[in-house]
Amino acid sequence: MASQLLLLAFLAIISSIALASDPSSLQDFCVADPKTLDILVNGVVCKDSKLVDANDFFFSGLHLAGNTSNAVGSHVTPVNVAQISGLNTLGISIARIDYAPWGINPTHTHPRASEILTVLEGSLKVGFVTSNPENRHITKVLQKGDVFVFPVGLVHYQQNVGYGNAVAIAALSSQNPGVITITNVVFGSKPDISADILAKAFQVDENAVYNFQSK
Ligand SMILES: *[C@@H]1O[C@H](CO)[C@@H](O)[C@H](O)[C@H]1NC(C)=O
């Protein structure tokens, strides 16, 4: 009995320091109150529950294809707490991703969410890379109906490996997963990370760094 209590206490401590998703809600819901967005707390202040209605839990538009006419040939339509205020404190969100033929969703990571992706149309090559020191590249080609998981924090990508458009739906374990696009943070920061730092990190000439930064 005492050992079971100790184990429970241990598990409680572990779970309180290693949450893999947003903290759970202490009420049925806490619809984000747009009038309080200037109050900076971890999350968003709740709207008066008597004033909440169905539209606070609603979004329309994921039937619409995103515009993939851009350099990478993909478009993400996010539906997180910024689009559905009722997602505040619930620890989930969703997105539609459209891919032109051979388009990519470039290497990126979500600092606050694991992702589970399902292919609605087309074929996607997907992959993620584990952390140091292994940096193991785990990759697979997915067909329509296939589902793949990207663990929280790990760098991942998708590529449309077909001649038609591809569409995927991604569900994420945060109301606000965040996106860190590797090329943007390394070569597109404002202000720049010094070229000598990046040249040494990537073991290339500084001119190669200037070339990346110019894009
Ligand atoms: C898609 O984006 C491109 C580039 O920004 C733009 O020229 C084009 O008009 C857009 N197409 C539609 C249908 O909005």
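In the annotation of an unreviewed UniProt entry, the entry for the protein chain reads Germin-like protein, and the organism field reads Prunus mume. Within the UniProt record for the protein chain, the comment given under Sequence similarities (unreviewed entry) is "Belongs to the germin family."

1. Some remarks on the pattern of salt bridges
A full pass over the atoms with the stated rule returns five salt bridges. Where Asp98 meets Arg96, a salt bridge forms, and the shortest distance between an N and an O atom there is 2.8 Å. Of the charged contacts, one joins Lys144 and Glu121 as a salt bridge, the two residues approaching to 3.3 Å between their closest N and O atoms. One end of the pair, Lys144, is in the loop between strand E6 (137-142) and strand E7 (147-150); the other, Glu121, is in strand E4 (residues 115-121), with 23 residues separating them in the sequence.

2. Overview of the UniProt feature "domain: Cupin type-1" (unreviewed entry) in the protein chain
Using the residue numbers shown here, the UniProt feature "domain: Cupin type-1" (unreviewed entry) corresponds to residues 60-210. Across residues 60-210 one finds 13% helix and 38% strand; the C-alpha atoms that close the span lie 42 Å apart.

3. So, the state of the cysteines
If you walk through the whole model with that rule in mind, you get one disulfide. Here Cys30 engages in a disulfide with Cys46; their sulfurs sit 2.0 Å apart. With the S-S bond torsion at -100°, the cross-link from Cys30 to Cys46 turns out left-handed. Placement of the pair is Cys30 in the loop between helix H1 (2-17) and strand E1 (74-79) and Cys46 in the loop between H1 and E1, with a sequence separation of 16 residues. Taking relative accessible area as the criterion, Cys46 reaches 33% and is therefore assigned partly exposed.

Rules used in this analysis
Counting restarts for each chain: residues are numbered from 1 in the order of the written sequence. The model is predicted, so local features are restricted to residues of pLDDT at least 70 and side-chain atom pairs to those at 80 or more, both for listing and for counting; the totals for chains, interfaces and linings are taken over all residues. Based on all heavy atoms of the structure, the side-chain values leave hydrogens and waters out of the count. UniProt positions are given in the numbering used here, feature names are shortened, and annotations may be inferred rather than shown by experiment. For this analysis, a salt bridge means a side-chain nitrogen from Lys or Arg found within 4 Å of a carboxyl oxygen belonging to Asp or Glu. In DSSP terms, a helix is any run of H or I states spanning at least four residues, a strand is any run of E spanning at least two, and both are numbered starting from the N terminus. Our working definition of a disulfide is a cysteine sulfur pair at a distance within 2.5 Å. Each residue's exposure class comes from its accessible area (1.4 Å probe, protein chains only) as a fraction of the maximum for that residue type: buried when under 20%, exposed when over 50%, partly exposed otherwise.

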